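# Structure assessment
Now for the letters of each chain:
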Amino acid sequence: MTRIPADHWLLALRTVLAVWLALFLAMRLDLYQPAWAILAVMIVTLQPVMFTGGTPPIGIIIGRGVARLFGTLFGAIVGLVLISLFGQQPMLYLLFAGAWLAFCMYWVMLEQDEYLGYVMMLSGYTATLVSLTAIGTGVDQVWHVAQARFSETALGIGCALLTHIAIAPRFGSRALPQTLSEFLAEGARDTLDVLAQPRSRGLRDSQFKRLLGHYQQFQKLRGLTRLETRRLSHFIPALDRFASDSLALITAIRELETALDYLRACDDGQRWLAPLLDQALPVLERIAAEPAAAPDEPVVLDAFDWNPEQVSPRSRTRAELVRQRLGEVLDLLHHGQRLRHALAAPDSARIETLPRQRRSRTTHNEHFVARYNALRVFVAFELLGLYWIHSGWHSGYLAMMLLGVFTMLFAKAPNPAAVVYQFLWGSLAAVVLGGVLLFLVLPVINGFPLLALAVAVPVTIGTLLTPHPRWSAMGLAGAITMMTLLNLNSTYTFAPARYINGGVASIIGTLVAMITYSVMRQRSPAERIRTLMAAYWQGLARLLGERSQPSRARLESRLYDRLGRLVALGGSDTALREAIDLHALALCVWRIRRLGPELGVHREAIETWLAGIGTRLLARQRHDPAVWRQLADEAIAWVERLYHETRLPIASIGEIAMLGHLMRAAPGVTLEQGDTTAPAPQDADQEDAQKNPVTAHNAAASESEPSQADAETDETDSGSNEPDTGEDPHVR
């Protein structure tokens, strides 16, 4: 027999006490429908439990409660407008109510802010709840219904928040400093491993997943700081900035490893790596051991002291690349350590040294998915509404209400039909148990204490079921359906026909929602991942060919937003690796274009060459190893040519060399072959000699521009790029 954890019993106690308090106040104040107050308690308390598997942090309860309050208010206002305009015109009501549901669904699917999306979700189905209830009970009561819906929802939210705050509250933000420490320590250890020796592809991937797991935990807790405590309110801009920097750290480690592989391939590579290790290793070891300690001054890696006539351009370029990438990693770790040290004393002056402005955000919006979900809910609402109107079925408005709730509530679930299927069983159980309570138990009890005990039984059962993934939807569904059917303000009215009608309507509404999800299937997670990866490639092609230089903050924000969606959709290790490789490629292209003025007379030719790469990536098979080898050969040819330009900064040449290295180890080299590991990279010029022995020599000797036949500039402008500010805090 499975034992129920103490945390689940404590959750049930909080929920039952909140239900009792809401029921008592609603009946004491003689509110329109006390069951609505209980329903608000159950949803605010139990819906987050479905995703956390236990008592959620108080920040989630507060955020959901406030969002539900505003969503109910806006929805009640829209419901009033719908009835006032179309209360006597059912066909127009169906059209405009369905359009409002579709509009809210579209917004919910695109909105990245969880709580703003929740507000729009509530606004959508609350408008139908208010207007349909008024139609079912009397249009002249619409103002009373809207007012009661908002006031009783506010009462339920207040009772739920009170019990969660008063009884053993859980503050998720308290674990934020430790989570940040774990991320910084893991990042420092990963960098130490990279500096120690070359690693296999499998080891790189496993370390990447660990680091990404720490980042996801940090992101989860970061969102609770503004809701749970005012002590950390001053950290919100700094936390938002480090949310981007932490992903930039993962990409920087990936680029550092590539640069190290190619530096080690040089005969004198260890000689130039040694002074960098002398400066970086003590810093990394301190961060790995004590990430919360007071940070030292930022480490500025010393420039190399070499004689250009005695050191080959190849060694100088690769050593400089390692120095730049290692400096970027150290800068990002230092930023995180400053933030972690300040979190240890939020009231100290350390906060003044942290960034105070948030970075601009650019999100990847899946417009097709949003439009399809909006169309789906509109079609289902209209068809069921037509059946309700033409059949004259009085209780059909209950089916319409539950259809609106379920289609809005689970649209973002990976498999909403399966979730609604569980809700169907919960609804069936609620109809049976509700009938027992309404016709066998409630008529024989007298007084509020016995009523509270009778209600506590189904509430406790639903609460204990919800934390278990297998039964969570059934528990929440039972609570929603039962509170919809129990008319507690007229407990002793014996009307079994009306109750059966309502129960059948609830089941039909749930069935229609499930059928809608099953028949009008949206793109599967695998299809959405393919579309997402195509957007990566299209974005890289635009970056290669667009005329204006985008700001780095917007570029990184879009890339990391796509990565977050990829993780949420359950992307495979191969897809995640490809995304990180594309991040590195995009940032490398951005650096080359930023350093364009330093390329002198070669700038226009290199810009044309980059645009040609973008055109070919979209026109050909992206994972064809031959394409990547050709592109890498062209990059190395440019590097060989620029080696002899003594007036060009070594950093500019190094970025083009890094682009060639990244394309040499691009995801397509192994994806089509199905390999999970990649061999250690050879010296890039040795590979060039083996694969195309004429390319490097001819490129160095020829005065013509390489790849002119393929250098067709993409003339399309994305229209969403900011002008380049010229700021890159990580490039030294």
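Residues numbered from 1 in each chain as written. Predicted model: local features only at pLDDT ≥ 70, side-chain atom pairs only at ≥ 80, totals over all residues. Heavy atoms only, no water.

### Comments concerning the overall build of the protein chain
Scanning the protein chain from terminus to terminus reveals 27 helices and zero strands. Across the 732 residues that make up the protein chain, the buried fraction comes to 57%. (Helix = DSSP H or I, 4+ residues; strand = E, 2+ residues; numbered from the N terminus. Buried < 20%, exposed > 50% of the residue type's maximum accessible area, 1.4 Å probe, protein only.)

### A word on the packing of helix 5 (residues 114-137) against helix 6 (residues 142-166)
Relative orientation of the contacting elements helix 5 and helix 6 amounts to 140°, with a least axis distance of 9 Å. Taken together, the axis directions place helix 5 and helix 6 in an arrangement best described as oblique. As for how helix 5 packs across helix 6, the hand of that crossing is right-handed. Here Thr126, Leu129, Val130, Thr133, Ala134 and Thr137 of helix 5 come into contact with helix 6, specifically with Val142, Val145, Ala146 and Arg149. (Axes fitted to C-alpha atoms, helices over the stretch in contact; angles between N-to-C directions. Parallel < 35°, antiparallel > 145°, perpendicular 65-115°, else oblique. Left-handed = near helix turned anticlockwise from the far one by under 90°. Contact = heavy atoms within 4.5 Å.)

### Quick look at the side chain of Ser246
Looking at the element boundaries, Ser246 is found in helix 10 (residues 236-264). Relative accessible area serves as the criterion here: at 0%, Ser246 is assigned to the buried category. Ignoring any residue separated from it by four or fewer positions in sequence, one finds Ser246 in contact with Phe183 and Tyr215.

### Thoughts on the packing of aromatic side chains
In this structure the tally under the stated criterion is 13 aromatic pairs. Relative to Trp393, the ring of Tyr387 has its centre 6.5 Å away and its plane inclined at 70°; by these criteria the two rings are edge-to-face. Ring geometry for Trp537 versus Trp628: centroids 5.7 Å apart, planes at 45°, classification tilted. Highlighted residues: Trp537 in helix 19 (residues 525-545) and Trp628 in helix 23 (residues 625-642), separated in sequence by 91 residues. A relative accessible area of 2% places Trp537 in the buried class. Residue Trp628 is classed as buried on the basis of its relative accessible area, which comes to 1%. Of the aromatic side chains, those joined through ring pairs into one cluster are Trp100, Phe103 and Trp107. The side chain of Arg64 reaches across the aromatic face of Tyr118, ending 4.5 Å from its centre. (Phe/Tyr/Trp six-rings, centres within 6.5 Å; stacked < 30°, edge-to-face > 60°. Lys NZ or Arg CZ within 6 Å of the ring centre and 35° of its normal.)

### Quick notes on empty space enclosed by the protein
What the rule picks out here adds up to four cavities of 30 Å³ or more. Within this model, the largest cavity holds a volume of roughly 200 Å³. Around the largest cavity, the lining is made up of 15 residues, and of these Arg204, Phe208, Arg254, Glu257 and Ile580 lie nearest the centre. Examining the composition of the lining of the largest cavity, we find that six residues originate from one element, helix 8 (residues 201-222), more than from any other. (1 Å grid on protein atoms, 1.4 Å probe; cavity = no way out; pocket = protein on both sides within 12 Å on 5 of 7 lines; lining within 4 Å. Points joined across faces, edges and corners; volume = space filled by probe spheres on them.)

### What to know about helix 1 (residues 6-28)
An α-helix turns once per 3.6 residues; consequently, residues spaced three or four apart project the same way. With 23 residues, helix 1 should reach 33 Å at 1.5 Å per residue; the first-to-last C-alpha distance of 33 Å fits that figure. Taken together, the buried positions of helix 1 are occupied by His8, Leu11, Ala12, Arg14, Thr15, Val16, Ala18, Val19, Ala22, Leu23 and Ala26. Phi turns positive, to about 55°, at Asp30, one or two residues after helix 1. (Expected span 1.5 Å × (residues − 1).)

### Focus on helix 5
In this model helix 5 runs 34 Å from its N-terminal to its C-terminal C-alpha over 24 residues, within 8% of the 34 Å that 1.5 Å per residue would give. One or two residues past the end of helix 5 sits Gly138, with phi positive at roughly 135°.

### A word on the pattern of salt bridges
A full pass over the atoms with the stated rule returns 17 salt bridges. Between Glu257 and Arg199 there is a salt bridge, with the nearest N and O atoms lying 3.0 Å from each other. Of the two residues, Glu257 sits in helix 10 while Arg199 sits in the loop between helix 7 (176-196) and helix 8, which places them 58 residues apart along the sequence. The residues Glu257 and Arg199 share a single accessibility class, namely buried. Between Arg204 and Glu257 there is a salt bridge, with the nearest N and O atoms lying 3.0 Å from each other. (Salt bridge = Lys/Arg side-chain N within 4 Å of Asp/Glu carboxyl O.)

### Structural notes on unusual backbone geometry
We note that Asp30 has phi near 55°; this positive angle belongs to a residue other than glycine. Among the secondary structure elements, Asp30 is positioned in the loop between helix 1 and helix 2 (34-52). At Ala168, a residue that is not glycine, the phi angle is positive and equals roughly 45°. Looking at where Ala168 falls in the secondary structure, it is placed in the loop between helix 6 and helix 7. Residue classification places Ala168 among the partly exposed positions, given a relative accessible area of 42%.

### Topic: the confidence of the model for the protein chain
Atom-level detail of predicted coordinates should not be read off regions where pLDDT is low. Mean pLDDT over the protein chain stands at 78; residues scoring 70 or higher make up 83%. Ranking the elements of the protein chain by mean pLDDT puts helix 27 (residues 695-701) last with 34 and helix 4 (residues 90-110) first with 92. A low-confidence stretch, residues 668-732 (pLDDT under 50), is modelled with 124 contacts involving residues beyond four sequence positions or located in other chains. (pLDDT = per-residue confidence, 0-100.)

### Quick look at the environment of Ala665
Structurally, Ala665 is set in the loop between helix 24 (650-664) and helix 25 (668-671). Along the backbone, Ala665 and Trp628 are 37 residues apart, and their C-alpha atoms lie at a distance of 8.4 Å.

### Describing the packing of helix 8 against helix 10
Here helix 8 crosses helix 10 at 170°, and the two axes come no closer than 10 Å. One finds that helix 8 runs roughly antiparallel with respect to helix 10. Of helix 10, the residues touching helix 8 (which contributes Arg204, Phe208, Leu211, Leu212, Tyr215, Phe218, Gln219 and Arg222) are Leu239, Asp240, Phe242, Ala243, Ser246, Leu247, Ile250, Ile253, Glu257 and Asp261. Residues of the contact of helix 8 with helix 10, tallied by class, amount to 11 nonpolar, two polar and five charged. (Nonpolar A, V, L, I, M, F, W, Y, C, P; charged D, E, K, R; others polar.)

### A look at a nonpolar patch on the surface
A surface patch of nonpolar side chains, about 580 Å² in accessible area, is lined by Val66, Phe70, Leu73, Phe74, Ile77, Val81 and Leu85. Note that Val66 resides in helix 3 (residues 58-86). (Patch = residues over 30% accessible without salt bridge, like charges linked within 9 Å, V, L, I, M, F, W, Y side chains within 5 Å. Areas by Shrake-Rupley, 256 points an atom, 1.4 Å probe, with all protein chains shown as cover.)

### Some details on the environment of His644
You can see His644 is positioned in the loop between helix 23 and helix 24. With a relative accessible area of 59%, His644 lands in the exposed category. Counting along the chain gives 331 residues from His644 to Pro313, while the straight-line C-alpha distance between them is 8.2 Å.

### A look at the environment of Leu402
In this structure, Leu402 sits in helix 14 (residues 396-409). Separated by 109 residues in sequence, Leu402 and Leu511 have C-alpha atoms that sit 9.8 Å apart.

### Comments concerning the side chain of Thr510
Looking at where Thr510 falls in the secondary structure, it is placed in helix 18 (residues 496-519). Sequence-distant contacts of Thr510, defined by excluding residues within four places in its chain, comprise Leu402, Phe406, Val420, Phe423, Leu424 and Ser427.

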